[in-house]
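Coordinate analysis (summary)
Given next are the chains, with one letter for each unit.
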Amino acid sequence: MSSTTRDDEYDPDISSTPPVVQPSRRTGGMFAALTVRNYRYYFAGQVVSNTGTWMQRIAQDWLVLSLTGSSFAVGITIAMQFLPVLVFGLYGGVIADRFGKRRLLMLTQSAMGVLAAVLAILTLTGSVHVWHVYLLAFLLGLVTAVDSPTRQTFVAEMVGQEQLRNAVSLNAANFETASMTGPAVAGAVIAAVGTGWAFAINAVSFIAVVGGLVLMRPEQLRPVPRLAREKGQLRAGLHYVAARPELIGPLVLVGFVCTFGYNFPTVLSGFAYQVFHIDAARYGLLNTALAVGALVGALLASRRPRVRMRLLVGTAFGFGVLEAVTAFAPRYWLFAAMLTVVGLLGLTFLTSSNATIQLATEPTMRGRVMSLHMIVFIGGTPIGAPTIGWVTEAWGPRIGLLTCGAISACAAAAVGWIIVRTNGLRVRVTRSGLTVAPCRNQAASSARA
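Quick caveat, the model's predicted, so the values are computed rather than measured. (Residues numbered from 1 in each chain as written. Predicted model: local features only at pLDDT ≥ 70, side-chain atom pairs only at ≥ 80, totals over all residues. Heavy atoms only, no water.)

1. Quick notes on the pattern of salt bridges
Summed over all chains, the structure comprises three salt bridges. Its salt-bridge partner being glutamate 157, residue lysine 101 comes within 3.3 Å of it at the nearest N-O pair. Of the two residues, lysine 101 sits in helix H3 (residues 101–124) while glutamate 157 sits in helix H4 (residues 130–159), which places them 56 residues apart along the sequence. Each member of the pair lysine 101 and glutamate 157 is classed as buried. One salt bridge in this structure joins aspartate 147 and arginine 151, with 2.6 Å as the shortest N-O distance. (Salt bridge = Lys/Arg side-chain N within 4 Å of Asp/Glu carboxyl O. Helix = DSSP H or I, 4+ residues; strand = E, 2+ residues; numbered from the N terminus. Buried < 20%, exposed > 50% of the residue type's maximum accessible area, 1.4 Å probe, protein only.)

See the structure below:
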């Protein structure tokens, strides 16, 4: 904490607070993290790989729809991919804390490339069945359970604490840029030569990531001391989070929004087939429209000097309300335009919550905390995707999207707000570090006491 505090702030016992982050005053603007050589290699590899990943997502949804004609089957595929994250995600965080992250990423990224190649071969030879897609999605989820917390914590080793928040925002911008181009390219490739080639392109794209990791200079990394093998490390991570309301609030909000609000693959496929009756290319453009807004949200977040809890609650609520309203858009182009604003609000919330959680966590605990973040971020998909898929199948895509927005707005924002008010905390991430302070009314009550 700063040595001086305002009259509405407090300096609690250090044992109950997160470590103080003291970023450099020289932030370098919106693209500060790109001044770091190793991060530039990583960022460039991710541009290529993320584009391939989005191509595979669109192609996988379209392949399952082609094989089954069912939105529910799309939801099952997504659930199979993220079920391992829900079950094994915390163990993935322990692995991320125990081993060298650069070499671990080389293994996980190579494995993802192999799985994409297998799906490409099955599809191109005409021997693919829906159970093949389910199985490969499950195996991909197993790899993701280790890869995701490793990637997120590796960012701090590349850029350091002083540029971590900027790098998190740039990673999100990178991913959303790929999500703009990837679906559009996927739609064109599917229309021209079929889904199998989209999988093949994704398999090749992992060469860029692995190549970037190989070209890095290890001596310029800032590795965190590895966690020695011992019992109780997973439980210690859970206890660490449970004792910190400044982590619990964002995690609860992320859990609700991502489990129920972010089911666009399931719902948008229904809009494509049943509402607007569009082809694969225009279906891809819906995902691109969503990503345009998300990219703007990520870039705006990279410039924001502070993150307040009310911003997290407000953007989660606004995301849900607008998502529910978008369900009733009568025309394709109006629907696509409204998705752009939905994407902006959603990514502003997700990027801000990610940065808040990482900056509030001790480096030696970050792998386990970010694995818990990953669980609430995508681990709820096995619950949300089949549920929303069933609603979409039974009552139509409009009711499906309305359900996504209503749950996000009413449940996520309300529960998050209750948690903040119950703990009486106001959390900020500023240029000078993370501040945890009581609300004004609570501070006044404490002063009177």
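Back to the write-up after that little detour.
2. Focus: the environment of glycine 75
The topology assignment puts glycine 75 in helix H2 (residues 71–98). Judged by its relative accessible area of 0%, glycine 75 is buried. Distance in space between the C-alpha atoms of glycine 75 and isoleucine 388 is 7.8 Å, their sequence separation being 313 residues. Once residues lying within four places of it in the same chain are set aside, the contact partners of glycine 75 are Thr266, Ala385 and Pro386. (Contact = heavy atoms within 4.5 Å.)

3. Some details on the packing of helix H11 (residues 309–326) against helix H12 (residues 332–359)
Between two packed helices, the angle of one axis relative to the other and the distance separating the axes together describe the packing. Look at H11 against H12: their axes get within 9 Å of each other, and the N-to-C directions meet at 160 degrees. As summarised for this structure, H11 and H12 are arranged roughly antiparallel, according to the angle between their axes. For the pair H11 and H12, the crossing hand works out as left-handed. Facing H11, whose interface residues are Leu311, Leu312, Thr315, Ala316, Gly318, Phe319, Leu322, Glu323, Val325 and Thr326, H12 presents Phe335, Met338, Leu339, Val341, Val342, Leu345, Gly346, Thr348, Phe349, Ser352 and Ser353. Residue composition of the contact of H11 with H12, by class: 13 nonpolar, seven polar and one charged. (Axes fitted to C-alpha atoms, helices over the stretch in contact; angles between N-to-C directions. Parallel < 35°, antiparallel > 145°, perpendicular 65-115°, else oblique. Left-handed = near helix turned anticlockwise from the far one by under 90°. Nonpolar A, V, L, I, M, F, W, Y, C, P; charged D, E, K, R; others polar.)

4. Quick notes on helix H14 (residues 381–395)
Structural remark: α-helix, 3.6 residues per turn; residues separated by three or four positions point the same way. Its 15 residues place the ends of H14 20 Å apart at the C-alpha level, agreeing with the 21 Å of an ideal helix rising 1.5 Å per residue. Taken residue by residue, H14 has Thr381, Pro382, Gly384, Ala385, Pro386, Ile388, Gly389, Val391 and Thr392 as its buried positions. Phi for glycine 396, located one or two positions after H14, is positive at around 105 degrees. (Expected span 1.5 Å × (residues − 1).)

5. Notes on the side chain of asparagine 354
You can see asparagine 354 is positioned in helix H12. Once residues lying within four places of it in the same chain are set aside, the contact partners of asparagine 354 are Gln152, Val168, Met370 and His373.

6. Considering the nonpolar core
If you look at the biggest cluster of nonpolar residues, it comprises 87 residues, and the most contacted ones within it are Phe264, Leu286, Phe335 and Phe349. Considering every element that reaches this core, the biggest residue donor is H12, with ten residues. Among the nonpolar cores identified, the runner-up in size contains 21 residues, and Val155, Ala156, Leu164 and Met216 belong to it. (Core = buried A, V, L, I, M, F, W, Y, C linked by side-chain atoms within 4.5 Å.)

7. Quick look at the packing of aromatic side chains
Tallied over the entire structure, the rule returns 14 aromatic pairs. Taking 4.8 Å as the distance between ring centres and 80 degrees as the angle between the ring planes, the aromatic pair formed by tyrosine 332 and tryptophan 333 counts as edge-to-face. What makes tyrosine 332 buried here is its relative accessible area of 7%. Classification of tryptophan 333 as exposed rests on a relative accessible area of 60%. Taken together through their ring pairs, the aromatic side chains of Phe271, Phe276, Tyr332, Trp333 and Phe335 make up a single cluster. It is arginine 57 that lies over the ring of tryptophan 54; its NZ or CZ is 4.8 Å from the centre. (Phe/Tyr/Trp six-rings, centres within 6.5 Å; stacked < 30°, edge-to-face > 60°. Lys NZ or Arg CZ within 6 Å of the ring centre and 35° of its normal.)

8. Some thoughts on a nonpolar patch on the surface
Together, Leu83, Leu86, Val87, Phe88, Tyr91, Trp131, Leu135, Leu139, Leu142 and Ile383 make up an exposed nonpolar region whose accessible area comes to about 890 Å². For the nonpolar patch, the secondary-structure elements that each account for two or more residues are H2 and H4. Ranked by the residues each element gives to the nonpolar patch, the list is headed by H2, at five residues. Here tryptophan 131 lies in helix H4. (Patch = residues over 30% accessible without salt bridge, like charges linked within 9 Å, V, L, I, M, F, W, Y side chains within 5 Å. Areas by Shrake-Rupley, 256 points an atom, 1.4 Å probe, with all protein chains shown as cover.)

9. Focus: unusual backbone geometry
With a phi close to 55 degrees, histidine 277 is a non-glycine residue in the positive phi region. Within the secondary structure, histidine 277 sits in the loop between helix H9 (264–275) and helix H10 (280–303).

10. Some thoughts on the environment of valine 325
Within the fold, valine 325 resides in helix H11. For valine 325, a relative accessible area of 46% gives the class partly exposed. Once the C-alpha coordinates of valine 325 and arginine 398 are considered, the two residues, 73 residues apart in sequence, prove to be 9.8 Å apart.

11. Concerning the side chain of glutamine 152
On the secondary structure map, glutamine 152 appears in helix H4. Engagement of the side chain of glutamine 152 in a polar contact is seen with the side chain of asparagine 354, the distance being 2.9 Å. (Polar contact = N/O pair within 3.5 Å; in protein donor to acceptor, adjacent residues only side chain to side chain.)

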